[in-house]
Amino acid sequence: MADESERGVQAAIEAERRLLDPAVRASPSLVAELLDPEFVEIGASGRRWDATSILTVTSDGSVAPEAPVEVTEMSGAVLAPGIVHLTYFTDHSGRRAWRSSVWRLTDVGWRLYFHQGTLAS
């Protein structure tokens, strides 16, 4: 059971790190592979996003591949079979935030179901 939980957390962390990769973020098709159809985000800006609005942003060319996100303190916990909660801290060109993601295992792999960012000083 512990091994299975560990594998789920590791898979969610790997998927989250892929989603944070600027090259992936700049590709709507790669982002779409990682988002659950029911995806919702409450951004650090306070804006509410869904999969369609996120894919619109990623396809408009505004994601700069040269601006990587620095990630620290990433950890995860299994909330239920096939459901993993991740928390971590990001610094993106001086914009710092605590992040929380819920990943769920689907028949096509791990997909991001919910994400929230909260600005930090």
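Residues numbered from 1 in each chain as written. Predicted model: local features only at pLDDT ≥ 70, side-chain atom pairs only at ≥ 80, totals over all residues. Heavy atoms only, no water.

Draft legend 1. View of the overall build of the protein. When you go through the protein residue by residue, the secondary structure sums to four helices and six strands. Start at the N end of the protein and walk to the C end: the helices and strands fall as α-α-α-β-β-α-β-β-β-β. Taken over the C-alpha trace, the protein has a radius of gyration of 14 Å; the compact-globule value for 121 residues is 14 Å, and the two agree within 12%. If you line up the protein on its principal axes, its C-alpha atoms span 40 × 30 × 25 Å. Taking all 121 residues of the protein together, 36% fall into the buried category. In the protein, the share of contacts with a sequence separation of at least 24, taken over all contacts with a separation of at least 6, comes to 44%. Carbon and sulfur atoms form 54% of the exposed surface of the protein, whose accessible area is close to 6900 Å². Here the protein contributes 11 positive and 17 negative side-chain charges, whose respective centroids are spaced 4 Å apart. (Helix = DSSP H or I, 4+ residues; strand = E, 2+ residues; numbered from the N terminus. Rg over C-alpha atoms; globule rule 2.2 N^0.38 Å. Buried < 20%, exposed > 50% of the residue type's maximum accessible area, 1.4 Å probe, protein only. Contact = heavy atoms within 4.5 Å. Areas by Shrake-Rupley, 256 points an atom, 1.4 Å probe, with all protein chains shown as cover. Lys, Arg positive; Asp, Glu negative; His and termini not counted. Charge placed at Lys NZ, Arg CZ, Asp CG, Glu CD.)

Draft legend 2. The arrangement of the pairing of strand S5 (residues 95–106) in detail. By the bridge criterion, 10 bridges tie strand S4 (residues 83–92) to S5 in an arrangement that is antiparallel. Bridge pairing links Thr-90 to Ala-97 in S5. Counting the residues in the hairpin turn of S4 and S5 gives two residues, including Ser-93, whose phi is positive at 55°. Summarising the sheet, S5 and strand S6 (residues 109–119) pair through 10 bridges and their orientation is antiparallel. (Pairing = 2+ DSSP bridges.)

Draft legend 3. Local environment of the pairing of strand S3 (residues 70–80). Pairing between S3 and S4: eight bridges, direction antiparallel. Within S4, the residue paired with Glu-70 across the bridge is Asp-91. In sequence, S3 turns back onto S4 through a hairpin of two residues, with Gly-82 there showing a positive phi of about 80°.

Draft legend 4. Seen up close, the packing of aromatic side chains. Scanning the model with the defined rule gives one aromatic pair in all. Plain terms: the ring middles of Phe-89 and Trp-98 are 4.8 Å apart, the flat faces sit at 65° to each other, and that makes the pair edge-to-face. Overall, Phe-89 belongs to the buried group, its relative accessible area being 10%. When its relative accessible area of 41% is taken as the criterion, Trp-98 is described as partly exposed. In this structure, Arg-47 packs its charged tip against the face of Trp-49, placed 3.8 Å from the ring centre. (Phe/Tyr/Trp six-rings, centres within 6.5 Å; stacked < 30°, edge-to-face > 60°. Lys NZ or Arg CZ within 6 Å of the ring centre and 35° of its normal.)

Draft legend 5. Local environment of the pattern of salt bridges. With the rule as written, the count across this model stands at two salt bridges. For Asp-36, the salt bridge is made with Arg-104, and the minimal N-O distance between the two is 2.8 Å. One end of the pair, Asp-36, is in strand S1 (residues 35–42); the other, Arg-104, is in strand S5, and 68 residues separate them in sequence. Its relative accessible area of 2% is what places Asp-36 among the buried residues. With a shortest N-O distance of 3.4 Å, Arg-104 and Glu-38 are connected by a salt bridge. Residue Arg-104 is found in strand S5, and its partner Glu-38 is found in strand S1; the two are separated by 66 residues along the sequence. Overlapping salt bridges bring together Asp-36, Glu-38 and Arg-104 as one network. (Salt bridge = Lys/Arg side-chain N within 4 Å of Asp/Glu carboxyl O.)

Draft legend 6. Local environment of the sheet that holds strand S2 (residues 48–50). The sheet built from six strands is open, its strands ordered S2-S1-S6-S5-S4-S3 with mixed pairing. Because the sheet does not close on itself, it has two edges, and the strands there are S2 and S3. Geometrically, the sheet is characterised by an average inter-axis angle of 15° between neighbouring strands, direction not taken into account. (Axes fitted to C-alpha atoms, helices over the stretch in contact; angles between N-to-C directions.)

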